Amino acid sequence: MCLAVPGKVVAIDEDADPRTGLVDFGGVRKQACLEYLPDVRVGEYVIVHVGFALQRLDEESARASLELFEQLGLLEEEFGDAWQQAAQQAGSGAPHAPVAAERGESGAEIR
């Protein structure tokens, strides 16, 4: 599913062509194109769809939408697991909780 997700603009690269910014979606930060909103400023909320900021949004509406998306599991579906992404960006494997049993090379359980 591809959602239009509200996020807060936390940084803008004025020298980029096209103009881009870093947008925070409830803890997950992604780059987005800001060309459609040339006068948007850091601290404002925008709706982003497929990497493009399309519309401004007031803070109250943005927070309510993010909370609802999180409750429905849509943020994880859209962005994936933020911890796993951070581990991948850092160059390490995905973190995981210890499991009671692991499998050996033969596929048999090892305890």
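Quick caveat, the model's predicted, so the values are computed rather than measured.

**Q** Please explain helix H1 (residues 59-71) as it appears in this structure.
**A** Along an α-helix, residues three or four positions apart point the same way, because every turn accommodates 3.6 residues. For H1, spanning 13 residues, the distance from its first C-alpha to its last is 18 Å, which sits close to the expected 18 Å at 1.5 Å a residue. Between the side-chain oxygen at the start of H1 and the backbone nitrogen of Glu-60 there is a gap of 3.3 Å, and the oxygen is on Asp-58. Count one or two residues on from H1 and you reach Gly-73, which has phi positive near 80°.

**Q** Even after reading the chapter, I still don't get the pairing of strand E1 (residues 4-13), so can you show me in this structure?
**A** On any regular strand, side chains alternate: one points to one face of the sheet, the next to the other face. Pairing analysis gives 5 bridges linking E1 to strand E4 (residues 45-49), with the strands arranged antiparallel. Within E4, the position partnered with Gly-7 by the bridge is Val-46. Taken together, the 5 bridges between E1 and strand E2 (residues 20-25) define a ladder with antiparallel strand orientation. If you follow Ala-11 over to E2, its bridge partner there is Leu-22. Adjacent in sequence and paired antiparallel, E1 and E2 are bridged by 6 residues.

**Q** For this particular structure, what's the right way to read the nonpolar core?
**A** Side chains of nonpolar character tend, in soluble globular proteins, to be buried together. By size, the foremost hydrophobic cluster in this structure holds 15 residues, and its most contacted members are Val-5, Val-23, Val-40, Val-46, Val-48 and Ala-53. Where this core is concerned, the elements lending two or more residues are E1, E2, E4 and H1. Setting aside anything within four residues of it in sequence, one finds Ala-53 in contact with Cys-33, Leu-34, Tyr-36, Leu-37, Val-46, Ile-47 and Val-48.

Thresholds applied
Sequence positions are assigned chain by chain, starting from 1 and proceeding in written order. With the structure being a predicted model, the display of local features is reserved for residues of pLDDT at least 70 and the display and counting of side-chain atom pairs for 80 or more, all residues being used for whole-chain, interface and lining totals. As a rule here, side-chain values cover all heavy atoms of the structure and leave hydrogens and water aside. Every helix listed is a DSSP run of H or I at least four residues long, and every strand listed is a run of E at least two residues long, numbered separately from the N terminus. Here the expected span of a helix is defined as 1.5 Å times the quantity of residues minus one. Distance and chemistry together define a polar contact, namely a pair of N or O atoms within 3.5 Å, with one atom able to donate a hydrogen and the other to accept it when in protein, and with adjacent residues in sequence counting only for side-chain atoms on both sides. The rule for pairing is simple: two strands pair if DSSP sees at least two bridges between them. Note on terminology: a nonpolar core comprises buried Ala, Val, Leu, Ile, Met, Phe, Trp, Tyr and Cys residues joined through side-chain atoms within 4.5 Å. Between buried and exposed lies partly exposed: a residue is buried under 20% and exposed over 50% of the maximum accessible area for its type, with that area taken using a 1.4 Å probe on protein chains only. The criterion used for residue contact is that any of the two residues' heavy atoms lie within 4.5 Å.

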